[in-house]
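In case you want the letters, here they are:
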Amino acid sequence: NQNQNQNQYAHTTKSSTFSSRKSTTSSARSQQDQDFKNFMNMFDETVSSMSEEELNMAMGAASVVGSVIGSIIGARATKNRGGGGNSMITSAASMMGSAMASQAASTLVKSVHEDSRQRVLEREEREARIRRGEAVEEPRVDERERIIKDVF
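What counts and how
Residue positions are given per chain, counted from 1 along the sequence in the order it is written. The predicted origin of the model limits local features to residues at a pLDDT of at least 70 and limits the giving and counting of side-chain atom pairs to 80 or more, whereas totals for whole chains, interfaces and linings rest on all residues. In computing side-chain properties, one takes all heavy atoms of the structure into account and sets aside hydrogens as well as water. Secondary structure follows DSSP: runs of H or I at least 4 residues long count as helices, runs of E at least 2 residues long count as strands, and numbering of each begins at the N terminus. Throughout this description, buried means an accessible area under 20% of the type-specific maximum (1.4 Å probe, protein chains only), exposed means over 50%, and partly exposed covers the range between. Note on contacts: a residue pair qualifies if any of its non-hydrogen atoms lie within 4.5 Å across the two residues. Counted as salt bridges are all cases of a side-chain nitrogen of Lys or Arg within 4 Å of a carboxyl oxygen of Asp or Glu. The span you would expect from a helix comes to 1.5 Å times its residue count less one. Residues enter patches when their relative accessible area tops 30% and they take part in no salt bridge; the joining distance is 9 Å for like charges and 5 Å for the nonpolar side chains Val, Leu, Ile, Met, Phe, Trp and Tyr. Only the protein chains shown count as cover for residues, and all accessible areas are computed by the Shrake-Rupley method using a 1.4 Å probe. Angular values range over 0 to 180 degrees, each being the angle between N-to-C directions of two axes fitted as lines to C-alpha atoms, with helices fitted over their stretch in contact. Crossing handedness: left-handed means the near helix sits turned counterclockwise from the far one by under a right angle, and right-handed means the same turn made clockwise. Polar here means any residue other than Ala, Val, Leu, Ile, Met, Phe, Trp, Tyr, Cys and Pro, which are nonpolar, and Asp, Glu, Lys and Arg, which are charged; Gly is therefore polar. One number per residue, pLDDT, summarises how confident the predictor is, and it ranges from 0 to 100.

Participant: How would you summarise the overall build of the protein chain if you had to cite specific residues and measurements?
Facilitator: Secondary structure assignment for the protein chain yields four helices and zero strands. Here the protein chain, with 152 residues, has 22% of them falling under the buried criterion.

Structure below.
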């Protein structure tokens, strides 16, 4: 009988520990989701309120960084394919990589800015509907999915 009590106690302890971990994990995940939403709202407010001049500066900075990275990747790509001995090919690949990465980086900044503006507008419209007492749909796409879409 004592063994049964010990087994039942061990089972109950394991079960309650598992439930406790599960609820802690669930509440931690919920807190992480809320923290992420708060961060995204702050990010969107900041990015969407950028002036045209600030946007152009950000695109320029991204373009420069992209250009340097693209140049390095282009030069390394030719060296890895056996074209490293020909400086003309290496230079051309470096310039091509620089141009492509520069364009991609500045386009990404512009896309993130436009998407942030759209998210702010959607959130403002949703909040206005709530204030008027209208039915409100939940956002169609998860915020994290939208960010991944922006990047790729």
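There's plenty left to go through after this.
Participant: Give a description of the side chain of S116 that names residues and reports values.
Facilitator: Among the structural elements, S116 can be located in helix 3 (residues 87–132). Setting aside chain neighbours within four positions, we find S116 in contact with F43, D44, V47 and S48.

Participant: Outline the pattern of salt bridges, listing residues and values.
Facilitator: Evaluation of the coordinates by the stated rule reveals four salt bridges. D33 serves as the salt-bridge partner of R29, at 3.7 Å between the closest nitrogen and oxygen. Residue R29 and its partner D33 are both found in helix 1 (residues 2–48); the two are separated by four residues, about one turn of the helix. Residue R29 is classed as partly exposed on the basis of its relative accessible area, which comes to 43%. Classification of D33 by relative accessible area gives partly exposed; the value is 29%. With a shortest N-O distance of 2.8 Å, R132 and E134 are connected by a salt bridge. The class of E134 is partly exposed, set by a relative accessible area of 38%.

Participant: So, the environment of Q118: which residues are in play, and what are the values?
Facilitator: Tracing the chain through its elements places Q118 in helix 3. For Q118 and S48, which are 70 residues apart along the polypeptide, the C-alpha to C-alpha distance reads 8.4 Å.

Participant: Describe in detail helix 3, supporting the description with residues and values.
Facilitator: In this model helix 3 runs 67 Å from its N-terminal to its C-terminal C-alpha over 46 residues, within 8% of the 68 Å that 1.5 Å per residue would give. Positive backbone phi, approximately 85 degrees, marks G133, located one or two places after helix 3.

Participant: Summarise a nonpolar patch on the surface; cite the residues concerned and give the values.
Facilitator: Among the surface-exposed residues, F39, M42 and F43 lie close enough to one another that they form a single nonpolar patch of about 300 Å² accessible area. Mapped onto the fold, F39 is located in helix 1.

Participant: Break down the packing of helix 2 (residues 52–80) against helix 3 for me, citing the residues and quoting the values.
Facilitator: Orientation of helix 2 relative to helix 3, taken along the N-to-C sense of each, is 150 degrees, at an axis distance of 6 Å. In terms of crossing hand, the pair formed by helix 2 and helix 3 is right-handed. Grouping the amino acids of the contact of helix 2 with helix 3 by side-chain chemistry returns ten nonpolar, 14 polar and one charged.

Participant: Break down the confidence of the model for the protein chain for me, with residues and values.
Facilitator: Of the residues in the protein chain, 72% have a pLDDT of 70 or more, and the chain-wide mean is 80. Put simply, helix 4 (residues 143–151) is where the protein chain has its lowest mean pLDDT, 62, and helix 3 is where it has its highest, 91.

Participant: Before we move on, can you summarise helix 2 with the specific residues and values?
Facilitator: With 29 residues, helix 2 should reach 42 Å at 1.5 Å per residue; the first-to-last C-alpha distance of 41 Å fits that figure. When helix 2 is considered as a whole, its buried residues turn out to be L55, M59, A62, S63, G66, G70, G74, A75 and T78. Here the buried face of helix 2 lies against helix 3.

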